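Spelled out from the first residue to the last, the chains are:
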Amino acid sequence: MDAIIRVAAHHGDEPDIYETCQLLAGWSRKHLEHLGPLVQKYGEQKNPEPANMEKALFHGPRQGSLGLLRDLHDLWLMTNEVQLCWTVLEQAARALRDDELEQVCQECGQETKRQTSFFLTRIKQAAPQSLVVAS
């Protein structure tokens, strides 16, 4: 979620990036809220892997159209990772017969798929400008 906000702020001159990224970050915030009661139920064990992934992908502000393309690529990678986590968690919910957890995973997973779709669509739109026209 923090990465989406940073990309939105850094590429705010792009017509759709700022507003859409704010919307998508809001969905991610909502996902955390939905997980809150389930964390109370099952407990929480912190893991540094998500932060490490973000550090591995984002190396500070990137400039220009190629920078936007790279940032969108990184966001696409992150949302795919999140989608895989929703899928794994949903399978655990089924094994536990926890309908509430399964429903949260399905709903949040659908929104994560929409986030991934936006980033892929925007990558397809930005790639020609970044790779052909700019050179």
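Structure: above.
Worth saying up front: this structure is predicted, and the values here are computed from it rather than measured.

Enquirer: Please set out the side chain of Ser130 residue by residue, giving values where relevant.
Expert: Within the element layout of this structure, Ser130 appears in helix H5 (residues 99-133). Apart from residues no more than four positions distant in its own chain, Ser130 is found in contact with Ser65, Leu66 and Leu69.

Enquirer: Outline the pattern of salt bridges, listing residues and values.
Expert: Summed over all chains, the structure comprises 10 salt bridges. Linking Glu14 and Arg122 is a salt bridge whose minimum nitrogen-to-oxygen distance equals 3.1 Å. Pair noted here: Glu14 is in the loop between helix H1 (2-10) and helix H2 (17-42) and Arg122 is in helix H5, with a separation of 108 residues, a long-range link. Using a relative accessible area of 6% as the deciding quantity, one classes Arg122 as buried. Ionic pairing is found between Glu111 and Lys30, a salt bridge with its closest N-O pair at 2.8 Å.

Enquirer: Could you give me a rundown of the side chain of Asp98, with the residues and numbers involved?
Expert: Locating Asp98 in the fold gives a position in the loop between helix H4 (64-96) and H5. There is a polar contact of 2.9 Å between the side chain of Asp98 and the backbone nitrogen of Leu101. With residues near it in sequence (within four places) discarded, Asp98 still touches Leu38, Lys41, Tyr42 and Ala93.

Rules behind the numbers
- Residue numbers here run from 1 along each chain, matching the order of that chain's written sequence.
- In keeping with the predicted nature of the model, local features appear solely for residues at pLDDT of at least 70, side-chain atom pairs appear and are counted solely at 80 or more, and the whole-chain, interface and lining totals rest on all residues.
- As a rule here, side-chain values come from all non-hydrogen atoms in the structure, and water together with hydrogens is ignored.
- In DSSP terms, a helix is any run of H or I states spanning at least four residues, a strand is any run of E spanning at least two, and both are numbered starting from the N terminus.
- Residue contacts are defined here by distance: any two heavy atoms, one from each residue, within 4.5 Å place the two residues in contact.
- Salt bridges are defined as contacts in which a side-chain nitrogen from Lys or Arg sits within 4 Å of a carboxyl oxygen from Asp or Glu.
- Exposure categories follow from relative accessible area, calculated using a 1.4 Å probe and restricted to protein chains: below 20% of the type maximum is buried, above 50% is exposed, and the middle band is partly exposed.
- What qualifies as a polar contact is a pair of N or O atoms within 3.5 Å, subject to a donor-acceptor requirement within protein and to the restriction that residues adjacent in sequence count only when both atoms come from side chains.

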